[in-house]
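# Remarks on the overall topology
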Amino acid sequence: MKAHATDLVQTPIPTRHGEFILHYYSNSIDNKEHIAMVKGDVSGKENVPVRIHSECFTGDVLGSRRCDCGEQLDLALHLISQEECGVLIYLRQEGRGIGLLKKLQAYNLQDQGMDTVDANIHLGHLADEREYGIAVLILESLGVKSIQLMTNNPKKITELKKLGIEVVGRIPVEIQANDDNLDYLKTKAKKMAHMLFEQQE
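Residues numbered from 1 in each chain as written. Predicted model: local features only at pLDDT ≥ 70, side-chain atom pairs only at ≥ 80, totals over all residues. Heavy atoms only, no water.

## Concerning the packing of aromatic side chains
- As enumerated under the stated definition, the model contains 0 aromatic pairs in all.
- The positively charged end of R66 is found above the aromatic ring belonging to Y107, 4.2 Å away from the centroid. (Phe/Tyr/Trp six-rings, centres within 6.5 Å; stacked < 30°, edge-to-face > 60°. Lys NZ or Arg CZ within 6 Å of the ring centre and 35° of its normal.)

Put into structure tokens, the structure is as follows:
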């Protein structure tokens, strides 16, 4: 049976970046509550700005400075709000797929000297366990034809292309580093090939 995502509810959400339509999805892959924040009419459109954002409770909700996630989320909504149409897909795969508990345990290991990659591996996980099949189903549900992906992560582009999404361009979402996340960002650039610090080189 082919995997599917069902758009159960759509409701307007006014934000400081303007009004979006929130789409709530159920799916046949997991029992998590994935959503899409949509601006404008994206059905049948090409070159749609799209951010696929994986949940980060500490960054998105609490404003943690240990990562750049919350600021990336805010920047993505701002950039989409400046366009005629765009989509932010919010996937519930906390901690690059390892969950909140393991992510917090990884934080403690980082405080003892490990980097973000080594901490995940020490806990028995891959450096990045995120999957994007549900994001593809959501884009198909919305009728998006091709996308400009808002990311610093080349692996995300590769994975989406493998899953059949036409990625025609990349929009950087690089955030100014701070004292609390500089080492984290450097590790993402060095060990995970994220496109960061390129303007400084």
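## Some words on unusual backbone geometry
- Within the chain, N47 stands out as a residue other than glycine whose phi angle is a positive 60°.
- You can see N47 is positioned in the loop between β3 (34–39) and β4 (48–54).
- Overall, the relative accessible area of 41% leaves N47 in the partly exposed class.
- Look at R96: it is not a glycine, yet its phi comes out positive at around 50°.
- Structurally, the position occupied by R96 is in the loop between β5 (86–91) and α3 (100–111).
- Look at R96 and you get buried, because its relative accessible area is 12%. (Helix = DSSP H or I, 4+ residues; strand = E, 2+ residues; numbered from the N terminus. Buried < 20%, exposed > 50% of the residue type's maximum accessible area, 1.4 Å probe, protein only.)

## Points about the environment of R96
- Linking R96 and N120, residues 24 residues apart in sequence, is a C-alpha distance of 9.5 Å.
- Here the side chain of R96 touches T116 through a polar contact of 2.9 Å, side chain to side chain.
- Of the polar contacts made by the side chain of R96, one reaches the backbone oxygen of A127; its length is 2.9 Å. (Polar contact = N/O pair within 3.5 Å; in protein donor to acceptor, adjacent residues only side chain to side chain.)

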